[in-house]
Amino acid sequence: MAAAILDRILKPDGSKYPADFEQILSLMGGTRSLGASGEEFVWRAYQFGKKAHQGQLRKSGEPYFTHCVEVATILAEMKLDSVTISAALLHDVVEDTGYTRKDVEKEFSLELANLVDGVTKLSDMKFRSEEDKQAVNFRKMLLSVADDIRVIIIKFADRLHNMRTLQHLPAVKQRRIARETRDVYAPLAHRLGMYRIKSEMEDLIFNILEPKASSELERLIPKRQAFFEKYVQKFLEPIIERMETTGFGATYKSRFKSHYSIFRKMRDQNRPFEDVYDIYAVRIIVEKVEACYSVLGLIHSFYTPIQERFKDFIAQPKSNGYQSIQTTVVGPNGFPVEVQIRTREMDDTAEEGVAAHWQYKEGDSKASQDDIDQQVTWLRNLVDILQTEDKTTSHQFMDLLKIDLYKDEIFVYTPKGEVRILPLGATPLDFAFDVHSQVGLHCIGAKVNGRIKPLNSELESGDKVEIITSDSQKPNSSWLKFVKTSKAKSNIRKWIKGQEFEQSLRLGKEILEKELRKIRKAKEWKHLKDPHLTLKFEDEDKMIASIGSGHRTVASILTKFFPDAYVKPKKEKTESQFAESFLNRARRNTKGVSIQGIDNMMISFGKCCNPIPGDPIVGFITRGRGITVHQKSCETVGTNLSEKERIIDVDWAAARAQTFLVRLKVLAQERKHLVRDVTETISSYDINIDTLSMKVDGDVVTGLVVIEVEGVKQLDRLKSKLLASEGVISVERE
Ligand code: MN
């Protein structure tokens, strides 16, 4: 024993290590678990870092390198491998000293240089708005995971130490950094299961952002300490007594929850500190998994469990790897007590999250990375979305993230019994997209536990889900309203965007050809080489589509090539003049729509949303094709909002009695007389059926009915009547 200690304290040449390095070494388990070469590696990194930062000081006046040592110490406590610890010692070398990434690679290894480089890249960013900044930050962090998740772990330790030493900065800067930690780091740490780091960060954030409440709690908590300690002792007494004979090797931990989470409970329950009881947690750690359940049984035999608070995350781990049994029971005197039961390994994972993977795998980082990849598939998915969708706006991006970061989870099964983890409130459609994007795009319904359920129904933990697809199915924008996963959202959006582009392209071609004929330049146009380059478009299709989508006028494009055709005769009108003259041109009430008191317009109805009387509508002025009327909620209008001068108010004219074609999709369980009942129901409203087709797929029937209705009210009545008939699952307007 004495020899082993001496072994560690003395460097190979017999002199002593500095105390701070010695501490890192002992936290890592000393030479014995590190190996002589591992120890030598970390020691070289220490010396290199110390020399590189020589002469630099922190705001606190301490030598800069103390920060690097602290960061390495945090990671050593988490039992990370020697390469990560070394990278922590060097994490600011490339950014703040004269050394380059190449120097580090030459001196140490490619793996280490990559880690340092990853951390450096995460820190040099320039931002605009707060939201932009957050989004950029998140995106960078997540993409860095694609290479090596340890980059994030180092960055977390770096941030944690900076938060611990924030008092040396001016107050404004303190608050800014605290907010960023709250918005970016804490949620990500949570998602990666790094609860210990997360709760320390949250308490530090809490100190800075809520100084009053925080110092109040610091005053109050010690006062209750004695009470709780006694109480927990009394609570555990009968259990410990019984456990002593079992040989489960149990250890007991109990402590206050983090200050921040106590504060949140007080705020959420709107209670003073004295009245909040759920602030103390008891943890029982045993050696074997089976023992967890025995302990659970024992606790429940002494105290009554609160049913809805029982959770078995051992049988169903959270997607971040968290495993534990959680139960809340009614303790002595009627106070609720939360008990967590888990094995030692589960406890490590619960505290350190993904970082725990390196603990027992020194020297085999590739295997760890694969292991983690498997466990944090959600992260992988998110990274995939990020890599394919580089044009999402900051806002959309934060939206995607929030969904994934803050939702609770449910566990559902495929027909083969495979588990899928989805956010709370997920629908069969989310499940379908989770299986494969093609399955999602063609999904028409699902059997949940053998019964057919509509696409927007909410799944529950334990549900067995079988997706029904059809080649003729196409996504529509109403799906976006109820799907919960970012995977589903981004896939649906992508599809719709593609669809819109096709439409714009088709329309753009028509307009262009017509205009070319008008100015008699069709031939010349054909001989132009790459006209899109002149106008700085990526390709010709994009240029033509911009005409169809109304982002450019055809004249503004053709005038570049045929200026003669556009001089004088007619002054080129600005967009708003154009709209005005168009409005003034004709006056008559057509097809039941009146436009700002003016009528006689060329009116058509958007094929994308098929509005009928009663729907809230707007008009969109198209060039040469009059006004198209869309539902207010229609995506086409949404995407053209940038061109406000083309959008005008329109109203349904009350007087006209006229019918409109509406396509209904009816999804139903197969049964006798289904078709007869549907048609009879429709006829009973005096509604004409234009066409009707039914397709049977297993025991699901998809019916497409085109009917002539007078308006929304009549349609709504019909829809609810249809829904009430036996076996009908959903009735949707297409
Ligand atoms: Mn740093």
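Check the entry above for the structure.
Residues numbered from 1 in each chain as written. Predicted model: local features only at pLDDT ≥ 70, side-chain atom pairs only at ≥ 80, totals over all residues. Heavy atoms only, no water.

J.: Can you tell me about the coordination of the manganese ion, naming the residues and giving the values?
T.: Coordination of the manganese ion by the protein is provided by H67 (NE2), H91 (NE2), D92 (OD) and D158 (OD), with metal-donor distances spanning 2.2 to 2.5 Å. Sequence spacing of the donors to the manganese ion: H-x23-H-D-x65-D. A relative accessible area of 0% means that H91 is categorised as buried. Looking at D92, the relative accessible area reads 6%, which means it is buried. (Donors = N, O, S within 2.8 Å, 3.2 Å for Na, K, Ca; no water. Buried < 20%, exposed > 50% of the residue type's maximum accessible area, 1.4 Å probe, protein only.)

J.: I'd like a description of the pairing of strand β14 (residues 617-621), backed by residues and values.
T.: Taken across its five residues, β14 has five buried, putting it largely inside the fold. Of the two faces of β14, the one holding I617, G619 and I621 and the one holding V618 and F620 are both buried throughout. Here β14 runs beside strand β15 (residues 627-631); their pairing, made up of five bridges, is antiparallel. Bridging from a neighbouring strand, F620 pairs with T628 of β15. (Helix = DSSP H or I, 4+ residues; strand = E, 2+ residues; numbered from the N terminus. Pairing = 2+ DSSP bridges.)

J.: Can you tell me about the packing of aromatic side chains, naming the residues and giving the values?
T.: Under the criterion given, the structure shown has 26 aromatic pairs. When the centroid spacing of 4.8 Å and the interplanar angle of 55° are considered together, the rings of F21 and W43 count as tilted. Of this pair, F21 sits in helix α2 (residues 19-27) while W43 sits in helix α4 (residues 36-52); the two residues are 22 residues apart in sequence, bridging distant segments of the chain. Accessibility assignment for this pair places F21 and W43 in one class, buried. (Phe/Tyr/Trp six-rings, centres within 6.5 Å; stacked < 30°, edge-to-face > 60°.)

J.: An account of a nonpolar patch on the surface is requested, with residue identities and associated values reported.
T.: Taken together, the side chains of V675, I689 and L692 present a nonpolar region at the surface, about 190 Å² in accessible area. Judged by relative accessible area, which is 37%, V675 ranks as partly exposed. (Patch = residues over 30% accessible without salt bridge, like charges linked within 9 Å, V, L, I, M, F, W, Y side chains within 5 Å. Areas by Shrake-Rupley, 256 points an atom, 1.4 Å probe, with all protein chains shown as cover. Salt bridge = Lys/Arg side-chain N within 4 Å of Asp/Glu carboxyl O.)

J.: Which residues make up empty space enclosed by the protein, and what values go with them?
T.: The tally for this structure, following the rule as stated, stands at five cavities of 30 Å³ or more. For the largest cavity, the calculated volume is near 130 Å³. Elements with a contribution of two residues or more to the lining of the largest cavity: β17 (660-669) and β20 (728-733). Its residues placed into classes, the lining of the largest cavity shows five nonpolar, three polar and four charged. (1 Å grid on protein atoms, 1.4 Å probe; cavity = no way out; pocket = protein on both sides within 12 Å on 5 of 7 lines; lining within 4 Å. Points joined across faces, edges and corners; volume = space filled by probe spheres on them. Nonpolar A, V, L, I, M, F, W, Y, C, P; charged D, E, K, R; others polar.)

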